[in-house]
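Structure assessment
Take a look at the letters that make up each chain.
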Amino acid sequence: MAEARDGRIDLHVHTTASDGSLTPEQVVARAAKLGLAAIAITDHDSVGGVAKAMEAGKVHGIEV
């Protein structure tokens, strides 16, 4: 069962595709655990983590 989302979002998230410490999948899982409704991947000079994050978002019910 998915956690209730309260509408909170984070529009500045980095993954290991640039200088973040979590993979795209881990970022989405953490956002889900925190109850976020949506996140934006803002990796520097790369969109390499976006597709993976979007797939994970489908699994966790988070808009990416």
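Thresholds, definitions, all that
- Residues numbered from 1 in each chain as written.
- Predicted model: local features only at pLDDT ≥ 70, side-chain atom pairs only at ≥ 80, totals over all residues.
- Heavy atoms only, no water.
- 1 Å grid on protein atoms, 1.4 Å probe; cavity = no way out; pocket = protein on both sides within 12 Å on 5 of 7 lines; lining within 4 Å.
- Points joined across faces, edges and corners; volume = space filled by probe spheres on them.
- Helix = DSSP H or I, 4+ residues; strand = E, 2+ residues; numbered from the N terminus.
- Nonpolar A, V, L, I, M, F, W, Y, C, P; charged D, E, K, R; others polar.
- Pairing = 2+ DSSP bridges.
- Right-handed = clockwise from strand over helix to strand, strands pointing away.
- Salt bridge = Lys/Arg side-chain N within 4 Å of Asp/Glu carboxyl O.
- Buried < 20%, exposed > 50% of the residue type's maximum accessible area, 1.4 Å probe, protein only.
- Contact = heavy atoms within 4.5 Å.
- Core = buried A, V, L, I, M, F, W, Y, C linked by side-chain atoms within 4.5 Å.

Where empty space is left in the structure can be found by rolling a water-sized probe over the atoms. Of the voids in this model, the largest pocket is the one considered here, and its volume is about 150 Å³. Together, Asp-10, His-12, Val-13, His-14, Leu-22, Val-27, Arg-30, Ala-31, Leu-34, Leu-36 and Ile-39 line the largest pocket. Elements with a minimum of two residues in the lining of the largest pocket: β1 (9-13) and α1 (24-33). By residue class, the composition of the lining of the largest pocket is seven nonpolar, two polar and two charged.

So, on to the pairing of β1. Across three bridges, the pairing between β1 and strand β2 (residues 38-41) is parallel. Across the sheet, the residue bridging to Ile-9 is Ala-38, located in β2. Assessed by its sense of winding, the connection that carries the chain from β1 through α1 to β2 is right-handed.

Moving on, we come to the pattern of salt bridges. As a working rule, side chains carrying opposite charge can pair if their charged atoms are close by. Under the definition given, this model contains one salt bridge. Of the charged contacts in the structure, one is a salt bridge between Lys-58 and Glu-55, with a shortest N-O distance of 3.2 Å. Taken as a pair, Lys-58 and Glu-55 lie in helix α2 (residues 50-60) at a separation of three residues, close to a single helical turn. Overall, Lys-58 belongs to the exposed group, its relative accessible area being 63%.

Here Thr-15 lies in the loop between β1 and α1. Excluding anything up to four places from it in sequence, Thr-15 contacts Gly-20, Leu-22, Thr-23, Pro-24, Val-27, Ile-41, Asp-43 and Gly-49.

What follows deals with the nonpolar core. With eleven residues, the main nonpolar core is built from Val-13, Val-27, Val-28, Ala-31, Ala-32, Leu-36, Ile-39, Ile-41, Ala-53, Ala-56 and Ile-62. The element that contributes the greatest number of residues to this core is α1, accounting for four residues. Setting aside its immediate chain neighbours within four residues, Leu-36 contacts Arg-5, Arg-8, Ile-9, Asp-10, Ala-31 and Ile-62.

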